[in-house]
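# Close look at the chain arrangement
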Amino acid sequence: MTDAQSYQKAPDAPAPHLARRLAILLPYIWLAIFFLAPFLIVLKISLSQTAIAQPPYTPILDPAEGFAGLRDFLAALSLDSYALLVSDPIYLLSYLRSLGIAAFSTALLLVIGYPIAYGITRAPRRWQPILFMLVVLPFWTSFLIRIYAWINILQREGLLNQVLLALRIVDTPVSWLATDTAIYIGIVYSYLPFMVLPIYATLDKLPESLLEAAADLGCPRWKTFWLVTLPLSLPGVLAGALLCFIPIVGEFVIPDLLGGSDSLMIGQTLWVEFFGNKDWPAASAVTVVLLILLVAPILLFQARRAPRLEG
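The paragraphs below set out a description of the structure included in this document. (Residues numbered from 1 in each chain as written. Predicted model: local features only at pLDDT ≥ 70, side-chain atom pairs only at ≥ 80, totals over all residues. Heavy atoms only, no water.)

With that out of the way, let us pick up unusual backbone geometry. The amide bond that connects Gln 54 to the next residue, Pro 55, takes the cis arrangement and shows omega of 0°. With respect to the helices and strands, Pro 55 occurs in the loop between β1 (49–50) and β2 (57–58). With an omega of 5°, the peptide bond between Thr 58 and Pro 59 qualifies as cis. In this fold, Pro 59 is placed in the loop between β2 and α3 (66–76). (Helix = DSSP H or I, 4+ residues; strand = E, 2+ residues; numbered from the N terminus.)

Written out as C-alpha cells, the structure is:
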C-alpha cells in the first residue's frame, strides 16, 4: 500500500471509534429514557399529597412560575406516603407475602426447571429443537387466556378433580381455586420457560471435554454432576432465578384470578391504591420501596462479583 493510499484512508479511521461509542451509549440512553425518567416521575408523585383534582395529587410544578414556583414546589413535597407505609401493617404484610410467594415459587421452578433443561441438553441432537419448542410453545398463546384456562381446570368440576377422582386419589372434589396452591400452580406454569431457557443455554455451552475427563479419571456420574456440571451452570441458575423472582414479586393477574381475597400480594395492593382508592402518592411510594427491595440486592451482588471478574 502506497503512502498516498494510506493518507486517503486515514480520515475514515475515527468512524469505527464513533460507532463503538454509540454502541456503548445506546443502552444507557435507553435506560435513561425508559427507566430513570419514569422512576423519577413516580418518585416525585410519591412525595406528593393526595388531592381531588386532575391529576389526583399536589403539588404540580409549573415552569412558568420560575424560581419562586420551584421553591414552593420543593417546599410542598413530603414523606407522608412513606410514613403511611410504616404505620399501616397491610403494606408490610403485602410485601412479606409477595416476597415469600416469589421465593417459594422460584425454588419450585428451579426444582422442576433444572431437570428439564438438563434433560434437553442430554437428549439426542435431533430431538433438542423439538424439546426446546415444547418449552417455548406456551408463549404462543395469550398469557391471560392461559390463566383463564387454569380457572376451568381447577374448578370443583374441572379437569384436575375429574382426573383425581378417576384415579381414586381423592374421594370428593378438592377446592383448588382461591388458595395459595392455585397461585403456585399458575406461577410455576407461567414462568417455567424463564427458568428452563437460561439454564439450558448455560448447560448447552458446557464443554464435553470436562465431562469426558472426569469420566476418564473414574469419577461417577453423580459426582461429575455435583462437582463439574452444577457449579458451571450456576450463572444460568442465577439468571433464571432473577428472571422469575423479580416479576413474580409484582405479579397481579395470577393471584387476582386464581387466589383468594383474604390476603393480597403487593401487585394487588398497587392496583387497589391506584384505581380503587385513587391514592397515587401512596401507590407510588409502594412502587419505589418495591423497586429498592428488588434492585438493591442485584446491585450488591454485582458489586461483590466485579472484583472477582477483574481478578
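The next thing to look at is the layout of surface pockets. It is a probe the size of a water molecule, rolled over the atoms, that shows where empty space is left. Size it by volume and the largest pocket reaches roughly 160 Å³. Lining the largest pocket we find Leu 99, Ala 241, Leu 242, Phe 245, Ile 246, Leu 293, Leu 294, Pro 297 and Ile 298. Counting residues per element, the ones that place at least two in the lining of the largest pocket are α12 (234–249) and α15 (280–310). (1 Å grid on protein atoms, 1.4 Å probe; cavity = no way out; pocket = protein on both sides within 12 Å on 5 of 7 lines; lining within 4 Å. Points joined across faces, edges and corners; volume = space filled by probe spheres on them.)

Moving on, we get to the packing of aromatic side chains. Here the structure, examined in full by the defined rule, presents 14 aromatic pairs. With centroids separated by 5.0 Å and ring planes inclined at 70°, the aromatic side chains of Phe 104 and Tyr 184 adopt a geometry described as edge-to-face. Highlighted residues: Phe 104 in helix α5 (residues 89–122) and Tyr 184 in helix α9 (residues 180–204), separated in sequence by 80 residues. Relative accessible area serves as the criterion here: at 44%, Phe 104 is assigned to the partly exposed category. Ring centres 5.9 Å apart and planes at 70° place the aromatic pair Phe 274 and Trp 280 in the edge-to-face group. Among the aromatic residues, ring-to-ring pairing joins Tyr 57, Phe 252, Trp 271, Phe 274, Phe 275 and Trp 280 into one connected group. (Phe/Tyr/Trp six-rings, centres within 6.5 Å; stacked < 30°, edge-to-face > 60°. Buried < 20%, exposed > 50% of the residue type's maximum accessible area, 1.4 Å probe, protein only.)

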